[in-house]
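This is what each chain is made of:
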Amino acid sequence: MRHAARKAAKTSSTSRRSRMAHAALKVKSKKVEGNGAVIGLETAVLDKLNEIAPMTRRSMREAARNAERHNMLMGSASLAALVGTAAAAMAFANPDERVTLASDASTTTTQMQRVSAAASRSDVRSSLDADTDTADTSATATQQTFNEGVWSLGDANANLDVSQMSRSSANNPNVAKLMDEDNSALPSGFNPNHATGDSGNAYESGQCTWWAYVRRQQLGLPVGSHFGNANMWASSARSLGYWVDNTPRHVGDIVVFASGQEGASSTYGHVAVVEKINEDGTITISECNVSGKSGTSTRTLSKVSSFEYIHY
């Protein structure tokens, strides 16, 4: 007796295909034993395959919700950053005013609407012009001060000793002082530190040349030791760089007489020292050994421009 074969349960191929279409496919690691080789997939490879595998509708909905939450979080962070930037800008623009953010500012994700595009600073930031128009401009005005005054000397400096200030570069302070007084009349290129020719008084005692050397030393002015006879002093001094002309300028100037001039020796000439320049233009001189007189004496000369004068 033949037994009827057990009938296989009928299943709907359509239903099976539907379940197969919506089921998540998972790739698992398998081992093939027997004569076949062992096949093993790395975990990273399995994860990548599962990532690109067909997804169920539930998975797709979850992925969409996750993307929406991500966009909302990004929008919230962008808005918070813009609010902070606006607050900082207001604080710098109004340093004397305290900027307070509202405690109920809508910065949570539950109060945000999803945006389809990236947030723009110009889309979410309110205009600052309105705040600027209503702000108290007196609080932000910049105060500028100007000092257009002039420097002036006070009473403490009224007694400044200008004699201690010299425009010249003379090593001899007495020469420097005289040069300041003669600034407008100095010869071009005059060197106040020229050679003096001084090595001590080499002139015969009691002679006019001896006295001229002694008096210049007393006044602290330079003089040469070997200028020669009296009538040679002007040319000797000029050759060393002294300033020599025909104008008496200061006490201490050496007056050079030509031979026979105003009672001078017809052979040797004569020298004297200016002691005073008088208001009438005459000069008072000191001299030694004139017209056979012994010792020093003084006299006044009127024809002052006819003599040569050694200054310094």
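Every value quoted in this text rests on a predicted model; they were computed, and no experiment measured them.

With that out of the way, let us pick up the overall build of the protein chain. Looking only at helices and strands, one finds 9 helices and 6 strands in the protein chain. By residue count, 24% of the 312 residues in the protein chain fall in the buried class. By sequence separation, contacts in the protein chain at least 24 residues apart represent 55% of the contacts at least 6 residues apart. Surface exposure of the protein chain reaches about 22400 Å², of which carbon and sulfur atoms provide 51%.

Reported here for the largest pocket is a volume of approximately 320 Å³. Lining of the largest pocket is provided by 19 residues; of these, Gln 207, Cys 208, Tyr 268, Gly 269 and Asn 289 occupy positions nearest its centre. Among the residues making up the lining of the largest pocket, the classes are represented as 7 nonpolar, 11 polar and 1 charged.

All right, on to the sheet that holds strand E4 (residues 283-288) then. Here 6 strands make up an open sheet; going across it, the order is E1-E6-E2-E3-E4-E5 and the pairing antiparallel. The sheet terminates laterally at strand E1 (244-245) and strand E5 (296-301), the two strands that pair on one side only. Across 6 bridges, the pairing between E4 and E5 is antiparallel. Opposite Ile 283, over in E5, you have Leu 301 as the bridge partner. Across the sheet, helix H8 (residues 208-219) is in contact with strand E2 (254-257), strand E3 (270-277), E4, E5 and strand E6 (308-310); its angle to E3 comes to roughly 40°. In the packing of helix H9 (residues 233-240) onto the sheet, contacts are made with E1, E2, E3 and E6, and the angle to E6 comes to roughly 45°.

So, on to H8. Helix length check: H8 (12 residues) gives 17 Å between terminal C-alpha atoms against 16 Å at 1.5 Å per residue, within 8%. Regarding H8, the residues found buried are Cys 208, Thr 209, Trp 211, Ala 212, Tyr 213, Arg 215 and Arg 216. Of the surrounding secondary structure, the elements contacted by the buried residues of H8 are H9, E2, E3, E4, E5 and E6.

Right, let's talk about the nonpolar core for a bit. Grouped together as the largest cluster of nonpolar side chains are 17 residues, with contacts concentrated most on Phe 227, Trp 233, Ile 254, Val 256, Val 271 and Ile 310. Within the residue set of this core, elements represented by two or more residues are H8, H9, E2 and E3. Excluding its chain neighbours within four sequence positions, the residues that come into contact with Trp 233 are Tyr 203, Thr 209, Ala 212, Tyr 213, Val 223, Phe 227, Gly 228, Ile 254, Val 256, Val 271 and Ile 310. Listed in part, the 11 residues of the second largest apolar core include Ala 264, Val 274, Ile 285 and Leu 301.

Of note, Ala 230 is situated in the loop between H8 and H9. Residue class for Ala 230 comes out buried when judged on its relative accessible area of 3%. For the pair Ala 230 and Thr 267, spaced 37 residues apart in the sequence, the C-alpha separation amounts to 9.4 Å. In this structure, Ala 230 is in contact with Cys 208, Thr 209, Val 256, Tyr 268, Gly 269, His 270 and Val 271, ignoring residues within four places of it in sequence.

As paired elements, E2 and E3 share 4 bridges and run antiparallel to each other. Directly across from Ile 254, in E3, lies its bridge partner Val 273. Pairing of E3 with E4 involves 4 bridges; the strand directions are antiparallel. Across the sheet, Val 274 pairs through a bridge with Ile 285, a residue of E4. Between the antiparallel neighbours E3 and E4 lie 5 residues, among them Gly 281 with a positive phi of about 95°.

We now examine the confidence of the model for the protein chain. Scored by pLDDT, the protein chain has a mean of 74; 58% of the residues are at 70 or more. Considering only residues more than four positions removed or in separate chains, one finds that residues 101-110, a stretch of pLDDT under 50, has 9 contacts. Note that residues 130-142 has pLDDT below 50 and, in this model, 4 contacts with residues that lie over four places away or in other chains.

Now for the packing of aromatic side chains. Tallied over the entire structure, the rule returns 7 aromatic pairs. With 6.3 Å between their ring centres and 55° between their planes, Tyr 203 and Tyr 213 make a pair best called tilted. Highlighted residues: Tyr 203 in the loop between helix H7 (173-181) and H8 and Tyr 213 in helix H8, separated in sequence by 10 residues. Like Tyr 213, Tyr 203 is buried. A centroid spacing of 5.1 Å and a plane angle of 85° characterise the contact between Phe 227 and Trp 233, whose relative ring orientation is edge-to-face. Classification of Phe 227 by relative accessible area gives buried; the value is 3%. Taking the relative accessible area as the measure of exposure, Trp 233 reaches 0% and is therefore buried. The structure contains a cluster of three or more aromatic residues connected by ring pairs, namely Tyr 203, Tyr 213, Phe 227, Trp 233 and Tyr 242.

Excluding glycine, a negative phi dihedral is what most residues carry, and trans is how most peptide bonds are arranged. With phi around 55°, Glu 262 is a residue other than glycine that occupies positive phi space. Among the structural elements, Glu 262 can be located in the loop between E2 and E3. Notably, Asn 289 is not glycine yet its phi reads approximately 60°, a positive angle. By the secondary structure assignment, Asn 289 is in the loop between E4 and E5. Overall, the relative accessible area of 29% leaves Asn 289 in the partly exposed class.

What counts and what doesn't
- Residues numbered from 1 in each chain as written.
- Predicted model: local features only at pLDDT ≥ 70, side-chain atom pairs only at ≥ 80, totals over all residues.
- Heavy atoms only, no water.
- Helix = DSSP H or I, 4+ residues; strand = E, 2+ residues; numbered from the N terminus.
- Buried < 20%, exposed > 50% of the residue type's maximum accessible area, 1.4 Å probe, protein only.
- Contact = heavy atoms within 4.5 Å.
- Areas by Shrake-Rupley, 256 points an atom, 1.4 Å probe, with all protein chains shown as cover.
- 1 Å grid on protein atoms, 1.4 Å probe; cavity = no way out; pocket = protein on both sides within 12 Å on 5 of 7 lines; lining within 4 Å.
- Points joined across faces, edges and corners; volume = space filled by probe spheres on them.
- Nonpolar A, V, L, I, M, F, W, Y, C, P; charged D, E, K, R; others polar.
- Pairing = 2+ DSSP bridges.
- Axes fitted to C-alpha atoms, helices over the stretch in contact; angles between N-to-C directions.
- Expected span 1.5 Å × (residues − 1).
- Core = buried A, V, L, I, M, F, W, Y, C linked by side-chain atoms within 4.5 Å.
- pLDDT = per-residue confidence, 0-100.
- Phe/Tyr/Trp six-rings, centres within 6.5 Å; stacked < 30°, edge-to-face > 60°.

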